[in-house]
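Chain and residue survey
What follows is the residue order along each chain.
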Amino acid sequence: MEITLRFFASFREAVGQKTLVREYDDVSTVGGALEAITAEFPDLDLYDDGALREYVTVMRDGRDVTHIDGLDTELAGGETLSLFPPVAGG
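Residues numbered from 1 in each chain as written. Predicted model: local features only at pLDDT ≥ 70, side-chain atom pairs only at ≥ 80, totals over all residues. Heavy atoms only, no water.

Observations concerning the overall build of the protein
Within the protein, the regular secondary structure consists of two helices and seven strands. Starting at the N terminus, the α and β elements of the protein follow one another as β-α-β-α-β-β-β-β-β. Taking 12 Å as the expected radius of gyration for a compact globule of 90 residues, we find that the protein reaches 12 Å, a close match to that expectation. Every one of the 90 residues in the protein was classed for burial, and the buried ones make up 34%. Contacts spanning at least 24 positions in sequence make up 53% of the contacts within the protein whose residues lie at least 6 apart. (Helix = DSSP H or I, 4+ residues; strand = E, 2+ residues; numbered from the N terminus. Rg over C-alpha atoms; globule rule 2.2 N^0.38 Å. Buried < 20%, exposed > 50% of the residue type's maximum accessible area, 1.4 Å probe, protein only. Contact = heavy atoms within 4.5 Å.)

Considerations on the sheet that holds strand S1 (residues 2–7)
Strand order across the open sheet formed by five strands is S2-S1-S7-S5-S6, with mixed pairing between neighbours. Unpaired on one side and paired on the other, strand S2 (19–23) and strand S6 (63–64) mark the two borders of the sheet. In the sheet, strand S5 (residues 57–60) pairs with strand S7 (residues 80–84) via four bridges, with the strands oriented antiparallel. Its bridge partner lying in S7, Thr-57 is registered against Phe-84. (Pairing = 2+ DSSP bridges.)

Here's the deal with the pairing of S5
Sheet analysis places S5 next to S6, joined by two bridges and oriented antiparallel. Bridge pairing in S6 places Met-59 opposite Asp-64. Remark: two residues form the turn of the hairpin made by S5 and S6, two consecutive strands paired antiparallel; Asp-61 in that turn has positive phi of roughly 50°.

Thoughts on unusual backbone geometry
In this structure, Asp-49 is a non-glycine residue whose phi angle is positive, near 55°. Looking at the element boundaries, Asp-49 is found in the loop between strand S3 (47–48) and strand S4 (51–52). Accessibility expressed as a relative area gives 80% for Asp-49, which makes it exposed. Residue Asp-61 is not a glycine yet carries a positive backbone phi of 50°.

Describing the pairing of S1
Pairing of S1 with S2, which is carried by five bridges, proceeds in the antiparallel orientation. The residue bridging Glu-2 from the neighbouring strand is Glu-23, located in S2. In this sheet, S7 lies alongside S1 in parallel orientation, the contact comprising four bridges. Residue pairing in the sheet places Thr-4 in a bridge with Thr-80 of S7.

In structure tokens form, the structure reads like this:
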């Protein structure tokens, strides 16, 4: 299945570009896609002790996955995952 991944702020710097398209044959969830992309880009700091870092936002087609099934949110192919690092400031 083909997934488009969009990276923002420091995540974009870690990957070196804003958008990537990847083909995954063995990925069926958001968590699986994140594991695959972090294996490819070790500087993409998404996890802390095996759990997604607090305040990291992952959106599937514009909808925050925490409001769906979290990392277990299913993927069918053709989706866009957008990854936002924690943001602070005012």
